[in-house]
Amino acid sequence: MFRNVIVKKPCSRITEGITSAPELGKPDYELALRQHAAYIEALKSCGVQVTVLEADENFPDSCFVEDTAVLTRKCAIITNPGAPSRNREVEAMIPVIRKFYSDDCIEYIKAPGTLEGGDVMMVGDHFYVGRSARTNAEGIRQFIAILEKYGLSGSEVELKEVLHLKTGVNYIENNNMLVSGEFIDKPDFAKYNKYVIPEEEAYAANCIWVNGKVLVPANFPKVEQIVRNAGYEVILVDTSEYRKIDGGLSCLSLRF
Ligand code: CIR
């Protein structure tokens, strides 16, 4: 169960966010704000307490708070984002996280290690970590060492095609996993009930489980049906403006 969620409103410079898909156009800031408000309502309907942080105009991608920390039931791990324009987003997050975790269980990924939360997928007390353009071997080494100190565990997953691990694979509890692209046949995930996301709806592999319900991006009918057929109550949330800068449902919050 999650009790808390932290989100941060998008800033007007969201139009300058990092993107691998410029052909989708630039995000519409006003629409992004409305979608963000609807995302918060969807989360609230799952019974969590939502902490809403004000927008930070210094960082175009700062609404994607997931990348700045990994919040576990035992400790908080502040990341060291590998994207230079995003690296200092963590500074504003630390005081917020200190409201929820005591100082003796807040840990830090330190240079030369880099790690972004989008590369971390929690399955109970085990954490899969994608080695990506943003998360390096040293960051993963530090991360797993921290987890082990708290009786948790972690393992590295190689990824080649997507930005972050959770761009392509997401755990929705009950041994169920949504897999797309390069993750469909990964031996790391052989033991799960895998639901294969069709290529044309790959973006929607990034769903989030929140207290028994699953948030699914709007306008991906095949994924919606897959998640419903798996037995979940679905809440659709439109993330069209975030998609334009490679962001999805998970990126927009820290759930703990
Ligand atoms: C970035 O490239 O960092 C942002 N434009 C998108 C971050 C998405 N975050 C995530 O997948 N956790």
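Scope of this entry: the structure provided in the associated data block.

With that out of the way, let us pick up the sheet that holds strand β9 (residues 169–171). One open sheet holds the three strands; their spatial order is β9-β10-β11, and the pairing between them is mixed. In the strand order of this sheet, the two ends are held by β9 and β11 (193–196), each with one partner. Across this sheet, the average inter-strand angle for adjacent strands is 25°, counted without regard to direction. As paired elements, strand β10 (residues 176–179) and β11 share four bridges and run parallel to each other. Of the residues in β11, the one forming a bridge with Leu178 is Tyr195.

Another aspect to go through is the sheet that holds strand β6 (residues 120–123). Picture the strands of a sheet paired through backbone hydrogen bonds; they go either parallel or antiparallel. Strands sit in the order β6-β7-β8 across an open sheet of three strands; the sheet is mixed. Since the sheet does not close on itself, it has two edges, and those belong to β6 and β8 (153–158), each with one partner. Strand after strand, the sheet turns through a mean of 25° between neighbouring axes, direction not considered. As judged from the six bridges shared by strand β7 (residues 126–131) and β8, these two strands associate in the parallel manner. Bridged to His126 within β8 is Ser153.

Before going further, it helps to spend a moment on the side chain of Glu241. Residue position: Glu241 is located in helix α6 (residues 240–243). Relative accessible area serves as the criterion here: at 4%, Glu241 is assigned to the buried category. Of note is the side chain of Glu241, whose polar atom sits 2.8 Å from the side chain of Ser240. The residues contacting Glu241, other than those within four sequence positions of it, are Lys26, Pro27, Asp28, Leu31, Ala32 and Gln35.

Moving on, we get to unusual backbone geometry. Each neighbour pair has its own omega, and for Ala111 with Pro112 the value is 10°, a cis peptide bond. Residue placement: Pro112 occurs in the loop between β5 (106–108) and β6. With phi around 70°, Glu173 is a residue other than glycine that occupies positive phi space. For Glu173, the location among the structural elements is in the loop between β9 and β10. Using a relative accessible area of 21% as the deciding quantity, one classes Glu173 as partly exposed. Its identity as a non-glycine residue notwithstanding, Asn219 has a phi of 80°, on the positive side. Secondary-structure assignment places Asn219 in the loop between β13 (213–217) and α5 (221–229).

Right, let's talk about the nonpolar core for a bit. Of all hydrophobic cores here, the largest spans 41 residues; its most connected members are Tyr39, Leu43, Val210, Val214, Leu215, Val223 and Val227. Listed by contribution, the elements that provide at least two residues to this core are β1 (4–8), α1 (29–44), β12 (208–210), β13, α5 and β14 (233–237). The element that contributes the greatest number of residues to this core is α1, accounting for five residues. Excluding anything up to four places from it in sequence, Tyr39 contacts Val7, Ile208, Leu215, Val237, Leu249, Ser250, Leu252, Ser253 and Arg255.

Criteria and thresholds
- Residues numbered from 1 in each chain as written.
- Predicted model: local features only at pLDDT ≥ 70, side-chain atom pairs only at ≥ 80, totals over all residues.
- Heavy atoms only, no water.
- Pairing = 2+ DSSP bridges.
- Helix = DSSP H or I, 4+ residues; strand = E, 2+ residues; numbered from the N terminus.
- Axes fitted to C-alpha atoms, helices over the stretch in contact; angles between N-to-C directions.
- Buried < 20%, exposed > 50% of the residue type's maximum accessible area, 1.4 Å probe, protein only.
- Polar contact = N/O pair within 3.5 Å; in protein donor to acceptor, adjacent residues only side chain to side chain.
- Contact = heavy atoms within 4.5 Å.
- Core = buried A, V, L, I, M, F, W, Y, C linked by side-chain atoms within 4.5 Å.

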